[in-house]
Amino acid sequence: MSRTVLARLLGAAAATSLALALAASPASAFTYVTDSNSTAWGLQDAAPPRVDTGSIRATQAGTGVQAPYSTMLNGYGGIRVRVNVTPAPRFNGQLMRGFGLSFDGQDRFATTRSIDLGGVQISRAIYLDRSSDWGRWLDTFTNTTKAPITVEIAFGGQTGYGASGTNQSRIVATSSGDTAVTSDDSWTEVASGTAATGTTGGPSAVVIGDPSPFEGALDRAGNWLRQTFDTPLATDGHEANYQAYIDTLTLPPHQSRSLVHFLVVGKPVTAATSAAEIGAVGDQAANLASSPVLGDLSTAELCSIANFDVASRSIPGFDPSACADAGRVEQAPAPHAKKLVTSSPYDVVDKTIEQMQSDMEAGRTTSQEITRAYLDRIAAYDTGQFGFNAYTTVASDAMKQARRADEARAAGKRGALLGIPIAFKDLYDTKDMPTTNGSLTFEGFRPAKDAYQVAKIREAGAVVIGKASMEEYATSGSYSDSAYGQVWNAFDPSKSALASSGGSAVATALSLAGAAFGSQTGDSLYAPASAASLVTLRGTDGMQSDRGVMPLSWLQDYAGVLTRSVGDLADILNVVSGTDPQNPETADAGAHRPADWRSVLDANALNGKRIGLLPSAWVDPYGTTGTVDAEKAALQYIRDAGAQIVELPSGPTVPPAVTGDRNWEGWARYIESHPELSLRSPADVVCSQKKLPYTRYAPSYCVGRARMTPEQVQAWRGYRAQYRANIAAWMDANNVDAVVYPGLLSDISLNDGGGNRSSFGRRDTPSGSSGAPTVAFPAGRNDHGEPVGLQFLGRAWDDAKIVGMAYAFEQRAHGHVVPETAPALPYERGPQG
């Protein structure tokens, strides 16, 4: 299985079907380059997960998930580019990606397809010196137009997180002898704190070019995290971890200019060795600044360099006088621009299921027009260099499904989901499409039958439009890094979509589907929903069946849906919630779900209620306040709806921990129920050597692991039941109807990082660990324009009650916001089949 993209068939067949154009199957996955110090540089090239920015994901003392991290680098060496032309191009100022960076097997990465941004052609060439401790980035910019263009380029990344402690970084040295970054500097150095015992990440330094008065000296330092070109570099707090070094170039017509940067990485340090290592890294940076290694570059490349005075340096074989005839730098061609149009006259952008259903009933549109509109948007926005990668697979028969729905409507069938295109996270079994779990481990696996909820959605007449991309194995909760293409944030396409259901969230937020199913073990419903201004329910254990859904943690996983409104959530819950006769975990659900979930959508559902608030849950571990302040401000809508907010002195009692390998147990059960799967042991899955290299375990990791014993199974069920009882007792003792929690607690980090570093300030509710229900819903934006949300936690089987409360909030706050990154497509008449 490889990531699929839409292609129209020519001639008469174009009116009746879609084709899946399959990209070549990945030959390798993620590139590590190990230097003489045994530091493994993980570079984000075109290999899976295809981040393709040319930045360093992280550095490790070895490869694989078990290798410790050697520095705090967390996505470093990317470039943001802002081209000053009118109109501004899409993705202006964003993290550049899609270079097709190809590894030579040794130490170099070359661009195979340049980026065209507003008439400027951009390419990267990267060299990692394996004999030492540094890398070099050559970024070339060519003006392909007939008029001069001014371009701003930021080189940088993330070097830590938080506002204090061993994870927080700061600039500790510069070439001018202080810690302020100015045009007088040729290099800067960053280090994090040290611990009283043990090692912490080593320092790193970036060489930025010759200092002032050289005319190509650094322009200014900016904030890599947000509004990079207009926000100065922070000197303290969480945002001090995000450094950007900005140069401004004026490109003559048809001429090239290049920037060279070097990155030096140090070894892990202790309190006793930190000063010496900082000194050694600074010395290496100073050497590279005075004698940059450039002798392997072509004459045209050397002549184009703007931030070093190459004419004043002795470079073997280079004659500066040759620059008069050097010409432009040779670059790989950029792909031809896609024509962004739709052949559907119906605009689906941010339409709710209810709106689309109403329009179909009124004869204003059809399922075929709606489905075609979504397919055209997927082709326009989800693929290519700046594609969001929300989908792994798009259904080849989507239009046939839509035609059947229209025929059923004409024959008298009705239903809230009839003809509505819905996507499923790529760990839900689908009998007609591969189910990959975001991994090459499951490449080509096609289950024999649908997951329970997929089958229910089909029975309701919906169009199963495709499989949403996800984090491989749904593991970490910070990035949706599928082997078939990492998902990018719908609102800020330089940032993470968050957690393993990022594809489901982005597909819904960008109007690439009417809604999408995801799953949650810890944060993978509420976090991507909050980041994308969506609604989701992590219901009481058993409210929605997980039969046919690949596991992460048995009993803790919850298979839910992400929607753009509470009404849409109710329509879908009417179809998929309740007792699944083949899943005993759902036995009690039928007695606790309402006959019609829309009956609980009461604008007065909060009136007279007491809503608890636990202050400790409203503190960002990264030390920021902007997101939490916006969420606290949104609490006023709860009060305006007639509820009283009550501060709680402490949280619920957590039961004593129990033992048992719940991941192993989950896979054992899934494998038993899928005889068609060639993998016949949990070890084949957990220790698969086809996983992304940085998530891969050595085979020895699986030796001795075993399924849970009957006693452990009983203890785990008892733990969750006791925790739910404790939550109910806690709420009873405080006389509250629900407890309100924030969604995210900080801005989101960029999407090129990783390494077990959370990409946002995170504190989960007790829902995942207990099986008590939470509903998450939008609450506007924070001070930097990113979506924020709230959550209501209820007692076991209070699902309908808290959904009603979310609806009441929605009717007052109107907190759902729409991304501007994928606007409505112009209509151009053409075949829709």
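Numbering of residues begins from 1 in every chain and follows the order in which that chain's sequence is written. The model is predicted, so local features are restricted to residues of pLDDT at least 70 and side-chain atom pairs to those at 80 or more, both for listing and for counting; the totals for chains, interfaces and linings are taken over all residues. In computing side-chain properties, one takes all heavy atoms of the structure into account and sets aside hydrogens as well as water.

Let us now look at the overall build of the chain. Secondary structure follows DSSP: runs of H or I at least 4 residues long count as helices, runs of E at least 2 residues long count as strands, and numbering of each begins at the N terminus. For the chain, the count of helices and strands is 16 helices and 29 strands. For the chain, the spread of C-alpha atoms along the three principal axes comes to 85 × 70 × 55 Å. Buried residues are those whose accessible area, probed at 1.4 Å on protein chains only, stays under 20% of the maximum for their type, while exposed residues exceed 50% and partly exposed ones sit between those limits. Expressed as a percentage of its 833 residues, the buried residues of the chain come to 63%. In what follows, a contact means two residues having at least one pair of non-hydrogen atoms within 4.5 Å. Counting contacts in the chain only where the partners sit at least 6 residues apart, residues at least 24 apart contribute 72% of the total. A total accessible area of about 28200 Å² is found for the chain, and carbon and sulfur atoms account for 50% of it. Asp and Glu are treated as the negative residues and Lys and Arg as the positive ones, with His and the ends of the chain left uncounted. We put the charge of a Lys on NZ, of an Arg on CZ, of an Asp on CG and of a Glu on CD. Distance between charge centres in the chain, computed from 69 positive and 84 negative side chains, equals 7 Å. Method for areas: the Shrake-Rupley scheme with a 1.4 Å probe, in which residue coverage is limited to the protein chains shown.

Turning our eyes to something else, we now look at the pairing of strand 17 (residues 242–251). The buried fraction of strand 17 amounts to eight of the ten residues, a majority that puts the element mostly inside the structure. Strand pairing follows a simple DSSP-based rule, namely that at least 2 bridges must link the two strands. Across ten bridges, strand 12 (residues 149–158) lies against strand 17 in antiparallel orientation. By the bridge assignment, G156 is partnered in strand 17 with A244. In this structure, strand 16 (residues 220–223) lies alongside strand 17, joined through four bridges in antiparallel fashion. Across the sheet, residue A221 finds its bridge partner in strand 17, namely Y245.

Looking at soluble globular proteins, one finds that nonpolar side chains tend to be buried together. Buried Ala, Val, Leu, Ile, Met, Phe, Trp, Tyr and Cys residues form a nonpolar core when they are joined through side-chain atoms within 4.5 Å. Ranked by internal contacts, the top residues of the largest apolar core, which has 195 residues, are I457 and I638. No other element matches helix 16 (residues 799–813), which puts nine residues into this core. Setting aside chain neighbours within four positions, we find I457 in contact with L417, I422, F424, A462, V464, F517, I572, V575 and V576. Of all hydrophobic cores here, the second largest spans 22 residues; its members include L138, V260, L302 and F308.

Our focus in this paragraph is the pairing of strand 24 (residues 558–563). The buried count for strand 24 comes to six of six residues, which makes it a mostly enclosed element. With burial as the criterion, each face of strand 24 is covered, one bearing Y558, G560 and L562 and the other bearing A559, V561 and T563. As paired strands, strand 22 (residues 515–520) and strand 24 are joined by five bridges and run antiparallel to one another. Its bridge partner lying in strand 24, Q520 is registered against Y558. Inspection of the sheet shows strand 23 (residues 535–538) paired to strand 24 by two bridges, in the antiparallel sense. Bridge pairing in strand 24 links V535 to T563.

Attention now moves to the state of the cysteines. Disulfides are defined as cysteine sulfur pairs within 2.5 Å. Applying the stated rule across the entire model yields two disulfides. Between C303 and C323 runs a disulfide, and the two sulfur atoms are separated by 2.0 Å. Looking along the S-S bond of the C303-C323 disulfide, the torsion reads about -85°, which is the left-handed sense. Of the two residues, C303 is situated in helix 2 (residues 299–304) and C323 in the loop between helix 2 and helix 3 (353–361); the sequence distance between them amounts to 20 residues. For C687, the disulfide goes to C702, at an S-S distance of 2.0 Å. In this structure the cystine formed by C687 and C702 twists about its S-S bond by roughly 100°; its chirality is therefore right-handed. Within this pair, whereas C687 is found in the loop between helix 13 (682–686) and helix 14 (710–734), its partner C702 is found in the loop between helix 13 and helix 14, the two being separated by 15 residues in sequence. Note on C687: relative accessible area 8%, which makes it buried. C702 sits in the buried class, given a relative accessible area of 8%.

A few words now on the pattern of salt bridges. As a working rule, side chains carrying opposite charge can pair if their charged atoms are close by. Basic side-chain nitrogens of Lys or Arg form a salt bridge, by our definition, when they fall within 4 Å of a carboxyl oxygen of Asp or Glu. The final tally for this structure, using the stated rule, is 37 salt bridges. The shortest N-O distance in the salt bridge between D376 and R372 comes to 2.9 Å. One end of the pair, D376, and the other, R372, are both in helix 4 (residues 367–381), four residues apart, so they sit about a helical turn from each other. A salt bridge links R720 to D541, with the nearest nitrogen and oxygen atoms 2.8 Å apart. Here R720 is found in helix 14, whereas its partner D541 is found in the loop between strand 23 and strand 24, with 179 residues between them in sequence. Given the relative accessible area of 1%, R720 is considered buried.

Turning next to the packing of aromatic side chains. In this analysis, rings of Phe, Tyr and Trp, with Trp reduced to its six-membered ring, are considered paired at centre separations within 6.5 Å, and the interplanar angle assigns stacked below 30 degrees, edge-to-face beyond 60, and tilted for intermediate values. Summed over all chains, the structure comprises 24 aromatic pairs. Consider the rings of Y76 and F155, whose centres lie 6.2 Å apart with planes at 80°: the pair is edge-to-face. Residue Y76 is located in strand 6 (residues 76–83), and its partner F155 is located in strand 12; the two are separated by 79 residues in the primary sequence. Geometrically, the ring pair formed by W134 and F262 is edge-to-face, given 5.6 Å between the ring centres and 70° between the ring planes. One end of the pair, W134, is in strand 11 (residues 134–143); the other, F262, is in strand 18 (residues 256–265), and 128 residues separate them in sequence.

Burial analysis of helix 12 (residues 662–672) places eight of its eleven residues in the buried class, the great majority of the element. Of all the residues in helix 12, the buried ones are N663, W664, E665, G666, W667, A668, Y670 and I671. Elements that come into contact with the buried residues of helix 12 comprise helix 13. Between N or O atoms, a polar contact is any pair within 3.5 Å; within protein, one atom must be a potential hydrogen donor and the other a potential acceptor, and residues adjacent in sequence are included only when both atoms are from side chains. The N-capping residue of helix 12, defined by a side-chain oxygen 3.4 Å from the backbone nitrogen of N663, is D661.

Attention now moves to the sheet that holds strand 20 (residues 421–425). In a beta sheet, neighbouring strands are held together by backbone hydrogen bonds and run either parallel or antiparallel to one another. Strand order in the open sheet formed by eleven strands is 19-21-20-22-24-23-28-29-27-25-26, with mixed pairing between adjacent strands. Strands at the two margins of the open sheet, each flanked by one partner only, are strand 19 (391–394) and strand 26 (644–647). Ignoring strand direction, the axes of neighbouring strands in this sheet form an average angle of 30°. Pairing between strand 19 and strand 21 (residues 463–468): three bridges, direction antiparallel. Axes here refer to lines fitted to C-alpha atoms; in helices the fit is confined to the stretch in contact. Angles between the N-to-C directions go from 0 to 180 degrees.

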